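# Reading the structure
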Amino acid sequence: MKREIFTLLSSKCIAENVFEIKLEGNCEGISSGQFVNIELDGMYLRRPISVCDVNDNILTLIYKVVGKGTKALSEAKIGDKFDLLTGLGNGYDINVDTKKPVLAGGGVGTPPLYMLAKKLIEKGIKPYIALGFADKKSVFYKEEFEKLGLKVSVATVDGSFGTKGFVTDCIKNDFSDADYVFTCGPEPMLKAVYDLGLKGQFSFEERMGCGFGACMGCSCKTKYGNKRICKDGPVLLAEEIIW
């Protein structure tokens, strides 16, 4: 964990209530699947946001406005300074035996899969991309994954874009030959992906207090004992999860 000051370079709305921001600062040691904890003026607790991408000293974050903290962040001005804790959490392990992995994201569980996709491509692996959203207004980053040369399948619950259904329908219908899954999203989605029977890594979304393992507020039971989502996770292996 490092504490760094970042400068806001850009901020834009990319879907309904979803914002992408780019910040400049020291990104050393940040890996895919990790998150940062950002301090906001007037807020007692920092806000954890998963890392979407790192390009030299530019950090890309994507978040959904759901409360006072994220609302304040969406109203920040270019040039504003932010105090970040970086390199938090246990990210994805790409040194696994897979030739046809599928990256499955649900809503704002999509962002950490972007950097992961780039890392897998660097290893010579082209993953499938399966994304699930509520509706067409909520869809984002489909084109960004396609620009990486990847096959992307999108599902929406109401059928207003792509397949009508869920991210699991994308996997079953379009990527049935996948041999491994990397996923991030709300717990019901993770459970549905788990039930497909693939080996893989599951990134859990959880409310956090400190964000670095001190408060024990985000602990969960696993087959190997209690683990803290912020410290031992957010990525857990399929075989250790207790639903």
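Here's a quick rundown of the structure. (Residues numbered from 1 in each chain as written. Predicted model: local features only at pLDDT ≥ 70, side-chain atom pairs only at ≥ 80, totals over all residues. Heavy atoms only, no water.)

This part covers the layout of surface pockets. Approximately 410 Å³ is the volume attributed to the second largest pocket. Along its surface, the second largest pocket is lined by 22 residues, and Gly106, Gly107, Gly132, Phe133 and Pro186 are the ones closest to its centre. Mapped onto the lining of the second largest pocket, the elements with two or more residues apiece are β8 (128-133), α4 (167-174) and α5 (187-194). Along the lines of polarity and charge, the residues of the lining of the second largest pocket split into 13 nonpolar, six polar and three charged. (1 Å grid on protein atoms, 1.4 Å probe; cavity = no way out; pocket = protein on both sides within 12 Å on 5 of 7 lines; lining within 4 Å. Points joined across faces, edges and corners; volume = space filled by probe spheres on them. Helix = DSSP H or I, 4+ residues; strand = E, 2+ residues; numbered from the N terminus. Nonpolar A, V, L, I, M, F, W, Y, C, P; charged D, E, K, R; others polar.)

For the coordinates displayed, the defined rule picks out eleven salt bridges. Glu28 is paired through a salt bridge with Lys2; the nearest N and O atoms lie 3.6 Å apart. Here Glu28, found in the loop between β2 (18-24) and β3 (35-38), pairs with Lys2, found in strand β1 (residues 2-15); they are 26 residues apart in sequence, far enough to count as distant. Judged by its relative accessible area of 55%, Glu28 is exposed. A residue is classified by how much of its surface remains accessible, and Lys2, at 32% relative accessible area, is partly exposed. Between Arg46 and Asp83 there is a salt bridge, with the nearest N and O atoms lying 2.9 Å from each other. Within this pair, whereas Arg46 is found in the loop between β3 and β4 (47-55), its partner Asp83 is found in strand β6 (residues 81-88), the two being separated by 37 residues in sequence. Exposure class is identical for Arg46 and Asp83. Each is buried. In this structure, a network of salt bridges that share partners links the residues Arg3, Glu39, Arg46 and Asp83. (Salt bridge = Lys/Arg side-chain N within 4 Å of Asp/Glu carboxyl O. Buried < 20%, exposed > 50% of the residue type's maximum accessible area, 1.4 Å probe, protein only.)

An order of β10-β9-β8-β7-β11-β12-β15 is seen for the seven strands of this open sheet, with the pairing classed as mixed. Each edge of the sheet is formed by a strand with only one pairing partner; in this case those strands are β10 (163-164) and β15 (235-237). In the sheet, β8 pairs with strand β9 (residues 152-156) via five bridges, with the strands oriented parallel. Each residue of the ladder has a partner; that of Gly132, found in β9, is Ala155. On the sheet, helix α2 (residues 111-122) packs against β7 (101-106) and β11 (180-185) and is oriented at approximately 165 degrees with respect to β7. (Pairing = 2+ DSSP bridges. Contact = heavy atoms within 4.5 Å. Axes fitted to C-alpha atoms, helices over the stretch in contact; angles between N-to-C directions.)

On to the nonpolar core, then. Within soluble globular proteins, side chains that are nonpolar tend to cluster in buried spots. In this structure, Leu103, Leu116 and Phe145 are the most contacted members of the largest nonpolar core, which totals 27 residues. For this core, the secondary structure elements donating two or more residues are α2, β8, β9 and β11. Here the element with the most residues in this core is α2; it accounts for five residues. Among all residues touching Phe145, those that are not within four sequence positions of it are Thr110, Leu113, Tyr114, Ala117, Ile129, Leu131, Leu150 and Val152. By size, the runner-up hydrophobic cluster in this structure holds 22 residues, among which are Leu23, Cys27, Ile49 and Leu61. (Core = buried A, V, L, I, M, F, W, Y, C linked by side-chain atoms within 4.5 Å.)

What follows is about the packing of aromatic side chains. Two aromatic rings are characterised by how far apart their centres lie and by the angle between their planes. For the structure shown, the criterion picks out eleven aromatic pairs. An angle of 75 degrees between the planes, with centres 6.1 Å apart, marks the rings of Phe140 and Tyr141 as edge-to-face. Accessibility classification places Phe140 together with Tyr141 in one group, the buried group. Aromatic side chains Phe204 and Trp243 sit 5.7 Å apart centroid to centroid with 35 degrees between the ring planes, which places their arrangement in the tilted category. With Phe204 in strand β12 (residues 200-204) and Trp243 in the segment after β15, this pair connects stretches of sequence that are 39 residues apart. For Phe204, a relative accessible area of 11% puts it in the buried group. (Phe/Tyr/Trp six-rings, centres within 6.5 Å; stacked < 30°, edge-to-face > 60°.)

Right, let's talk about the environment of Gly42 for a bit. Mapped onto the elements, Gly42 comes out in the loop between β3 and β4. Along the chain, Gly42 and Lys68 lie 26 residues apart, while their C-alpha atoms are 9.9 Å from each other.

Below, the discussion takes up the side chain of Lys142. The residue Lys142 is located in helix α3 (residues 142-147) in this model. Here Glu146 takes part through its side chain, which lies 2.5 Å from a polar atom of the side chain of Lys142. Those residues within four positions of Lys142 in sequence are excluded, and the remaining contacts are Leu131, Val152, Val154 and Phe161. (Polar contact = N/O pair within 3.5 Å; in protein donor to acceptor, adjacent residues only side chain to side chain.)

Inspection of the secondary structure puts Thr7 in strand β1. Judged by relative accessible area, which is 17%, Thr7 ranks as buried. In this structure the side chain of Thr7 is engaged in a polar contact, spanning 2.7 Å, whose partner is the side chain of Lys81. Those residues in contact with Thr7 that lie beyond four places of it in its chain are Lys22, Leu23, Glu24, Gly79, Asp80 and Lys81.

These values are about where atoms sit, not about what they do.
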